[in-house]
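Here's the letter readout for the chains.
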Amino acid sequence: LFGVTCHIRKETPDSKTNIQFIIDSLSKDSQDSNNNIELQVQSILIRRSHLTFDILNKKNTEKQFNPNHIDFNNISGKLSLRHYSQDSLNIQISKLSFDEISGLNVDKLSMNVISNRDTAYIENFALRLTYSLVSVPSAGISLSGVDSLQEVTDKLPLHINLSPSIISPKDLASFLPLLKDFSDVIEISGDISGSANDISLNKLTLQYGQEMTFDGNMKLKGLMSKKNELYLLGQVKKMNITTEGLS
């Protein structure tokens, strides 16, 4: 797909999009007995493409990411469908890049996504923004035995192996404009495991500019609790905070 432009829109959040007829024509559940189209896609190569999505009755915002009005430009990358069935999926995303109108610039996004009915894994996740680089060799989540939203936050087991990464807050200014003036970067690595309401951060190393360094383990309890009770437990091996870091 070279130089493709696609505008997707819908009148309200509950209405159908302007490309619904394409989705219906490709659906296996279509009642049209004359539909003899068989389509198998193993890989998609995209270069210099443009994609927009708009919910027309929602207010637009400038210079701030808005999920109701998305505008991706200069899209390039490759998507390879290694395996697909009703029970499992294996997709590789290679060197995906794009510019969003809010100011979010993704220079490179690569990962393998492997999932089935009970588990989902991400391997070799690499994200490069203008000033940030995030590397996650492996991450996994188990969906078995989870029947409600409350169980998702209380019981859903996850594990994330975060390799040494660099995060610049200004790269996230399109989501939170107050971050645009942050010049320092955050260097972080560690192993994250547990559930949304009981998160363990092991082998955690954290450095924020010259103002703060941390090496140790931490545990967060009640992050998604309806009682608004957050507990933070920590085992500190090394910690240094300057007076500037406290201000």
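Our subject is the structure listed above.
Residues numbered from 1 in each chain as written. Predicted model: local features only at pLDDT ≥ 70, side-chain atom pairs only at ≥ 80, totals over all residues. Heavy atoms only, no water.

**Examining the overall build of the chain**
Point 1. On a plain count of helices and strands, the chain comes out with 3 helices and 12 strands.
Point 2. Per-residue burial over the chain gives 27% buried out of 247 residues. (Helix = DSSP H or I, 4+ residues; strand = E, 2+ residues; numbered from the N terminus. Buried < 20%, exposed > 50% of the residue type's maximum accessible area, 1.4 Å probe, protein only.)

**Some thoughts on the sheet that holds strand β11 (residues 212–221)**
Point 1. Taking strand neighbours across the sheet as the criterion, the 12 strands line up as β1-β2-β3-β4-β5-β6-β7-β8-β9-β10-β11-β12 in an open arrangement whose pairing is mixed. Each edge of the open sheet carries a strand with a single partner, namely β1 (5–10) and β12 (231–241). Pairwise comparison of adjacent strand axes, ignoring direction, gives a mean angle of 15° for this sheet. (Pairing = 2+ DSSP bridges. Axes fitted to C-alpha atoms, helices over the stretch in contact; angles between N-to-C directions.)

**Digging into a nonpolar patch on the surface**
Point 1. Taken together, the side chains of Leu1, Val4, Val41, Ile44 and Leu79 make up a nonpolar region of the molecular surface, amounting to roughly 350 Å² of accessible area.
Point 2. Following the sequence through the fold, Val41 ends up in the loop between α1 (20–26) and β2 (43–55). (Patch = residues over 30% accessible without salt bridge, like charges linked within 9 Å, V, L, I, M, F, W, Y side chains within 5 Å. Areas by Shrake-Rupley, 256 points an atom, 1.4 Å probe, with all protein chains shown as cover. Salt bridge = Lys/Arg side-chain N within 4 Å of Asp/Glu carboxyl O.)

**Things to note about unusual backbone geometry**
Point 1. Unusually for a residue other than glycine, Arg48 sits at a positive phi of about 50°.
Point 2. Here Arg48 is to be found in strand β2.
Point 3. Classification of Arg48 as exposed rests on a relative accessible area of 60%.
Point 4. Positive phi values are uncommon outside glycine, yet Lys95 reaches one of about 50°.
Point 5. Here Lys95 shows up in strand β4 (residues 88–100).

**Details of the pairing of β2**
Point 1. Examined bridge by bridge, β1 and β2 share 6 bridges and lie parallel to one another. Bridged to Cys6 within β2 is Leu51.
Point 2. Pairing of β2 with strand β3 (residues 69–84), which is carried by 9 bridges, proceeds in the antiparallel orientation. By the bridge assignment, Ile44 is partnered in β3 with Leu79.

**Re the nonpolar core**
Point 1. Counting residues in each nonpolar core, the largest one holds 23 residues, and the members touching the most others are Val106, Phe125, Leu127, Val134 and Val136.
Point 2. Listing elements by their share of this core, those giving two or more residues are β3, β4, β5 (105–116), β6 (119–129), β7 (133–142), β10 (198–208) and β11.
Point 3. Residues contacting Leu127, with those up to four places away along its chain left out, are Val106, Lys108, Leu109, Ser132, Leu133 and Val134. (Core = buried A, V, L, I, M, F, W, Y, C linked by side-chain atoms within 4.5 Å. Contact = heavy atoms within 4.5 Å.)

**Points about the packing of aromatic side chains**
Point 1. Enumeration according to the criterion identifies 2 aromatic pairs in this entry.
Point 2. On the numbers, 5.2 Å between centres and 45° between planes, the contact of Phe65 with Phe175 is tilted. A residue pair is termed long-range when its members are at least 10 positions apart, and Phe65 in the loop between β2 and β3 and Phe175 in the loop between β8 (158–167) and β9 (186–195) qualify at 110 residues.
Point 3. Its guanidinium or amino end placed over the ring of Tyr131, Lys170 lies 5.0 Å from that ring's centre, counting from NZ or CZ. (Phe/Tyr/Trp six-rings, centres within 6.5 Å; stacked < 30°, edge-to-face > 60°. Lys NZ or Arg CZ within 6 Å of the ring centre and 35° of its normal.)

**Side note on the side chain of Asn66**
Point 1. On the secondary structure map, Asn66 appears in the loop between β2 and β3.
Point 2. For Asn66, the side chain forms a polar contact with the side chain of Thr61, separated by 3.5 Å.
Point 3. Engagement of the side chain of Asn66 in a polar contact is seen with the backbone nitrogen of Asn68, the distance being 2.9 Å.
Point 4. If near-sequence neighbours (up to four positions away) are discounted, Asn66 is found in contact with Lys59, Asn60 and Thr61. (Polar contact = N/O pair within 3.5 Å; in protein donor to acceptor, adjacent residues only side chain to side chain.)

**Some remarks on the pattern of salt bridges**
Point 1. Taken as a whole and assessed by the stated rule, the structure comprises 4 salt bridges.
Point 2. Of the charged contacts in the structure, one is a salt bridge between Asp181 and Lys180, with a shortest N-O distance of 3.5 Å. Each member of the pair Asp181 and Lys180 is classed as exposed.
Point 3. A single salt-bridge network, built from bridges that share partners, covers Asp198, Lys219 and Lys221.

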